[in-house]
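Okay, here's what each chain looks like letter by letter:
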Amino acid sequence: MYMGLCSIGLMQNTELILRINELKREKNAVILVHNYQRPEIYEVADFIGDSLGLCERARDSDADIIVFCGVYFMAESAAILNPDKKVIVPFSDAGCAMADMVQVEKLIQFKKKHKDAAVVCYVNSTAEVKALCDICCTSSNAVAVVRSLKEKKVIFVPDKNLAAYIQDKVPEKEIIPWQGYCPIHHVVDAKYVEEIRRDNPNAKIIAHPESKPEVLALADYVTSTSGMIDVAREDDCDEFFVLTECGMTERLKREVPGKKFKGLCNMCFDMKKNDLASVLRCLETEKDRVRVERATARRALLAFDRMFALK
Ligand code: 13P
Ligand code: SF4
């Protein structure tokens, strides 16, 4: 039944959820959701996870339509990994500031300067950038990916903080970092973490590896967003402070009830664009399909395949 796009704006959340679930069944669609999305989006998710989990779900999905609730590079990765599916997004302009810090021409020149280096791209990058790289990685497997390479020199693009974290863990390699960063994580400094320690003496601190080295040095754990859920479940401590995008605190509260979570107020506005109304509109219209030029997608897929082959 077609509701008419105008009426979507008048619908309550319960109505929106019902209609989205109806349409999912009718159209054989799945909704893949990143941990940082608004809690209302969790209600219609078939899977909620970090970049690696989302890539795996997208690759293995047998649905006809994948609605991706995250930022654009994540949806683009889904389209590369499962090219026969229709991948659609509520807002195609929901980008990642860090992914936008690499220009293809500059990367080509950079590679020419370091011809003997392997090129590793963090998944937070465009399809064009992935197509120029040897292997992809995410926050949960970056260290293992770099350790697996035969080359001693490794260009790492775009996150300089994640690059520094890898360098610390894999000292036998020479990491040549691109100078990108995530503005949400990069603003946190050691002084702030010391204040958190002082004000929350019973809490363990979990940081995302996109944070500065001085922050990671003071954290009890460094892990991906889904890794944070595992840590909070497994550690005996019942109080945590998470140094990552603000949405993670709500996700942790739901996944690990009975424990206390505090976190940063730093918000990734691109991650927060989606709401239930825009998800419904996206499913109704099937507009904003994610398309990746075929040759680019084929080369980017090689970078993903090499990452998955490591498992
Ligand atoms: P995760 O893969 O750890 O969820 O990180 C994605 C991201 O964009 C963090 O800012
Ligand atoms: Fe990109 Fe940072 Fe937003 Fe993650 S939090 S999507 S790295 S801008």
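These numbers were taken from a predicted model, which means no experiment stands behind them.

Moving on, we get to unusual backbone geometry. Following V157, the chain continues to P158 via a peptide bond in cis, the omega torsion being 0°. With respect to the helices and strands, P158 occurs in the loop between β7 (153–157) and α9 (160–169). Phi at N28 is positive, roughly 50°, even though this residue is not glycine. Mapped onto the fold, N28 is located in the loop between α2 (13–27) and β1 (29–34). Residue class for N28 comes out partly exposed when judged on its relative accessible area of 36%. Of note in the backbone geometry, E286 takes a positive phi value of approximately 55° without being a glycine. Tracing the backbone through its elements, the reader meets E286 in the loop between α15 (276–285) and α16 (294–309).

Glancing now at helix α14 (residues 247–255). Those residues of α14 that fall on the buried side of the exposure criterion are G247, M248, T249, R251 and L252. For α14, the secondary structure elements touched by its buried residues are α3 (39–42), β2 (47–49), α13 (225–234), β11 (239–243) and β12 (260–263).

As a further point, take the sheet that holds strand β10 (residues 221–222). Here we have 4 strands laid out as an open sheet, ordered β10-β9-β11-β12, and parallel in their pairing. In the strand order of this sheet, the two ends are held by β10 and β12, each with one partner. Across 4 bridges, the pairing between β11 and β12 is parallel. When the sheet's bridge partners are listed, V242 is paired in β12 with G263.

As a packed pair, helix α4 (residues 51–60) and helix α5 (residues 72–81) sit with axes 8 Å apart at the nearest point and diverge in direction by 35°. Considering the relative orientation of α4 and α5, their crossing is right-handed. Contacts between α4 and α5 involve S51, L54, C55, A58 and R59 from the first element and M74, S77, A78 and L81 from the second. Of the residues belonging to the contact of α4 with α5, the class tally is 6 nonpolar, 2 polar and 1 charged.

Residues in close proximity to ligand 1 include H34, Y36, D50, S51, N124, S139, H185, H208, E210, S224 and T225, which together make up its full environment. Between ligand 1 and the protein, one listed contact pairs an oxygen atom with a side-chain N or O atom of H34 at 2.7 Å. Within the side chain of T225, an N or O atom sits 2.5 Å from an oxygen atom of ligand 1. If ligand 1 stood free it would expose 300 Å²; the protein chains cover 96% of that surface. Here the shell around ligand 1 is composed, by residue class, of 1 nonpolar, 8 polar and 2 charged.

Following the criterion strictly, the structure yields 21 salt bridges and no others. The salt bridge partner of K27 is E286, with a shortest N-O separation of 2.7 Å. Separated by 259 residues along the polypeptide, K27 in helix α2 and E286 in the loop between α15 and α16 bring together distant segments of the chain. On the basis of relative accessible area, E286 is assigned to the partly exposed category, the value being 22%. A salt bridge links D60 to R59; its shortest N-O distance comes to 2.8 Å. Judged by its relative accessible area of 32%, R59 is partly exposed. When salt bridges that share partners are traced, they join R19, E22, E26 and E284 into one network.

For the structure shown, the criterion picks out 2 aromatic pairs. Between the aromatic rings of F110 and W178, the centroid separation amounts to 5.2 Å while the plane-to-plane angle is 80°, which identifies the pairing as edge-to-face. Placement of the pair is F110 in helix α6 (residues 104–113) and W178 in the loop between β8 (174–177) and α10 (183–186), with a sequence separation of 68 residues. We classify F110 as buried; its relative accessible area is 16%. Arranged with centres 5.7 Å apart and planes meeting at 15°, the rings of F240 and F261 form a pair that is stacked. Here F261 lies in strand β12 and F240 lies in strand β11, a separation of 21 residues in the sequence. Accessibility expressed as a relative area gives 6% for F261, which makes it buried. Above the plane of the ring of Y42 lies R251, whose end atom (NZ or CZ) is 5.6 Å from the centre.

About the thresholds
Residues numbered from 1 in each chain as written. Chains lettered and ligands numbered in written order. Predicted model: local features only at pLDDT ≥ 70, side-chain atom pairs only at ≥ 80, totals over all residues. Heavy atoms only, no water. Helix = DSSP H or I, 4+ residues; strand = E, 2+ residues; numbered from the N terminus. Buried < 20%, exposed > 50% of the residue type's maximum accessible area, 1.4 Å probe, protein only. Contact = heavy atoms within 4.5 Å. Pairing = 2+ DSSP bridges. Axes fitted to C-alpha atoms, helices over the stretch in contact; angles between N-to-C directions. Left-handed = near helix turned anticlockwise from the far one by under 90°. Nonpolar A, V, L, I, M, F, W, Y, C, P; charged D, E, K, R; others polar. Near = heavy atom within 4 Å. Polar contact = N/O pair within 3.5 Å; in protein donor to acceptor, adjacent residues only side chain to side chain. Areas by Shrake-Rupley, 256 points an atom, 1.4 Å probe, with all protein chains shown as cover. Salt bridge = Lys/Arg side-chain N within 4 Å of Asp/Glu carboxyl O. Phe/Tyr/Trp six-rings, centres within 6.5 Å; stacked < 30°, edge-to-face > 60°. Lys NZ or Arg CZ within 6 Å of the ring centre and 35° of its normal.

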